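For reference, the chains in residue letters:
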Amino acid sequence: MTDPAAEAYRRFRDELLQHGLLISMGVDGLFGRSGTFERVVDGLNAAIAAVGDVDRPEVMRFPPGIGRLQLEKSGYLRNFPHLAGTVASFSGSDDDHRTLLDSLSKGADWSATQRQTGVALTPAACYGVYPVIASRGRLREEGALVDVYTWCFRHEPSIDPARMQMFRQREHVRIGSEDQIASFRETWMERARSLVDSLGLPLTIEVASDPFFGRAGRLLANSQRERSLKFELLVPIVPEAPRTACVSFNDHRDLFGRAWAIEARGGDTAHTACVGFGVERLTLALFRHHGYVPGDWPVSVRNVLGL
Amino acid sequence: MSAPLKVRVRAVLKTAGSLQGGFDALEDSSDLHAAGLTSHATVSLMLALEEAFDVEFPDRLLRRKTFSSIDAIADALAEIGVRDVAA
């Protein structure tokens with residue numbers, strides 16, 4: 001029996017490939033993007049900046065990697081071992097090289113010649129921010145606000161084009177007191193709702209949880225929901241499948257503040273929160289709802305995106 | 001002869017709960033989350049309880065409130081068949 005959602009994902013992916021918007025790389029969840037696709041992504045980024053720049057966030061841009069220590073200290077490896085990716089590289093002598101060449105010529109497994117490099121792939125854009133803020137010492141009264149945009153990796157190969165293994169997140173990250181966090185999240189929920197609405201996309205905002213691993217993960221996910229720490233802005237992309245989270249609003253409480261010993265002004269541990277826009281997911285939603293040719297989209301939508 | 005259930009729960013909590021000072025002042029009904037039991041410490045506590053009592057909490061009990069007090073933990077353990085001994 002065929003799974004209707006899987007069929008619908010495949011159909012949508014194939015249409016995107018046929019229209020040249022995505023470029024196949026032969027691996028589920030890895031795609032090239034066309035110029036048209038990127039112009040929409042750029043338009044979304046400009047629209048997000050137009051909303052967020054009034055707060056004068058500090059802009060930080062990081063490569064798509066973090067130190068292994070960051071992956072450990074942030075708790076990501078503990079909570080999401082199934083999604084995390086680390087970088088390994090050849091490390092060895094000429095003898096080891098011969099072993100590698102031998103394995104390659106036989107089409108055998110060569111991974112034993114690889115060693116961890118100390119670099120991990122960034123799982124979420126905000127992870128680069130916390131150690132930087134911590135290194136500056138105690139926060140000033142206004143706290144910190146950072147605009148970050150990074151390629152991320154999550155090991156979840158899928159035929160759903162909206163579930164890529166490598167994708168970009170545009171985030172605003174707030175670090176400060178509990179009150180500052182609460183007001184940040186409220187402000188951005190309203191801003192995101194209004195922005196996505198102006199793109200002509202149907203949306204709802206609902207309580208959500210992260211995909212924590214295993215039985216311990218069920219406890220964490222239930223607890224996260226009970227405390228309403230995560231909300232997602234959902235847009236239907238493939239009608240036969242669950243709606244897709246295109247923006248998420250995350251209250252981390254003092255999790256990262258404790259992990260990185262970030263001190264709020266009064267000496268308490270700082271709280272943190274972030275709002276993350278999945279720019280590829282929003283782009284896919286736009287193609288789904290308005291068609292594959294941006295020139296044919298409603299004028300109001302094109303105006304928001306500068307297209 | 002093993003100790004009463006809540007005494008054994010308290011012993012597991014002391015090692016796995018990562019609670020700072022004031023542990024001995026905790027009542028059986030005290031709110032553990034308010035006393036500083038973090039989400040990660042809750043996971044460690046859950047795993048330590050499973051090992052100590054040789055049980056597995058079913059999905060319906062994998063919730064924050066199951067681990068909200070010594071009383072709540074003892075109730076949950078009793079619900080999945082851990083027998084108390086006469087104090």
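Residues numbered from 1 in each chain as written. Chains lettered and ligands numbered in written order. Predicted model: local features only at pLDDT ≥ 70, side-chain atom pairs only at ≥ 80, totals over all residues.

Asks: Which parts of the structure should I look at to understand the overall build of chain A?
Replies: Of the regular secondary structure elements, chain A holds 11 helices and 12 strands. Against the compact-globule benchmark of 19 Å for 307 residues, chain A has a radius of gyration of 21 Å, which places it among compact chains. In terms of overall dimensions, chain A has a C-alpha envelope of 60 × 55 × 35 Å along the principal axes. Scored against the burial criterion, the 307 residues of chain A give a buried share of 38%. Long-range contacts, defined here as pairs at least 24 residues apart, represent 71% of the contacts in chain A between residues at least 6 apart. (Helix = DSSP H or I, 4+ residues; strand = E, 2+ residues; numbered from the N terminus. Rg over C-alpha atoms; globule rule 2.2 N^0.38 Å. Buried ≥ 20, exposed ≤ 12 C-beta atoms within 10 Å, placed from the backbone. Contact = placed C-beta atoms within 7 Å.)

Asks: Where do I start with the pairing of strand β12 (residues 271-278) of chain A in this structure?
Replies: Regular strands show a simple pattern: their side chains alternate between the two faces of the sheet. All names here are of chain A. Counting buried positions along β12 gives 8 out of 8 residues, so the element sits mostly inside the fold. Of the two faces of β12, the one holding His271, Ala273, Val275 and Phe277 and the one holding Thr272, Cys274, Gly276 and Gly278 are both buried throughout. Strand direction decides the pairing type here: strand β11 (residues 244-253) and β12, joined by 6 bridges, are antiparallel. Bridged to arginine 253 within β12 is threonine 272. (Pairing = 2+ DSSP bridges.)

Asks: So what exactly am I meant to see when it comes to the nonpolar core here?
Replies: If you look at soluble globular proteins, the nonpolar side chains tend to sit buried side by side. Grouped together as the largest cluster of nonpolar side chains are 68 residues, with contacts concentrated most on Cys126, Val196 and Ala285 of chain A. What cysteine 126 of chain A contacts, discounting residues up to four positions off in sequence, is Val148, Glu171, Val173 and Cys274 of chain A. Listed in part, the 25 residues of the second largest apolar core include Leu83 of chain A together with Leu5, Met46 and Leu62 of chain B. (Core = buried A, V, L, I, M, F, W, Y, C linked by C-beta atoms within 7 Å.)

Asks: I'm lost on the packing of helix α1 (residues 5-16) of chain B against helix α2 (residues 39-53) of chain B in this one. Help?
Replies: Axis angle and axis distance: for two packed helices, these are the angle between their axes and the distance between the axes, and together they describe the pair. All names here are of chain B. For the pair α1 and α2, the least separation of the axes is 9 Å and the interaxial angle reads 135°. Considered as vectors, α1 and α2 are oriented oblique to each other. At the point where α1 passes α2, the crossing takes the right-handed sense. Residues Arg8, Val12, Leu13, Thr15 and Ala16 of α1 lie in contact with α2, whose contacting residues are Ser44, Leu45, Ala48, Leu49 and Ala52. Grouping the amino acids of the contact of α1 with α2 by side-chain chemistry returns 7 nonpolar, 2 polar and 1 charged. (Axes fitted to C-alpha atoms, helices over the stretch in contact; angles between N-to-C directions. Parallel < 35°, antiparallel > 145°, perpendicular 65-115°, else oblique. Left-handed = near helix turned anticlockwise from the far one by under 90°. Nonpolar A, V, L, I, M, F, W, Y, C, P; charged D, E, K, R; others polar.)

Asks: I keep staring at helix α8 (residues 214-226) of chain A and nothing clicks. Help me out?
Replies: A rise of 1.5 Å per residue sets the reference length of α8 of chain A, with its 13 residues, at 18 Å; its end C-alpha atoms lie 18 Å apart and thus fit the reference within 8%. Turning to α8 of chain A, its buried residues are Leu219, Leu220, Asn222, Ser223 and Gln224 of chain A. Next to the buried residues of α8 of chain A lie α4 (76-79) and β10 (230-235) of chain A together with α2 of chain B. Downstream of α8 of chain A by one or two residues, serine 228 of chain A has phi in the positive range, about 50°. (Expected span 1.5 Å × (residues − 1).)

Asks: Looking at this structure, how should I read the domain arrangement of chain A?
Replies: A common way to state how big an interface is: give the accessible area lost once the parts meet. Residues and elements named next belong to chain A. Looking at the assigned domains, one finds that chain A contains domain 1 (4-85 + 123-305) and domain 2 (88-120). Computed from C-alpha atoms alone, the centre-to-centre distance between domain 1 and domain 2 is 35 Å. The partner domain 2 presents 4 residues to the 7 residues of domain 1 that form the contact. Secondary structure elements with two or more residues in the side of domain 1 that touches domain 2: β4 (65-67) and α3 (68-73). In terms of residue class, the side of domain 1 that touches domain 2 is built from 3 nonpolar, 3 polar and 1 charged. (Domains from an automatic or database assignment.)

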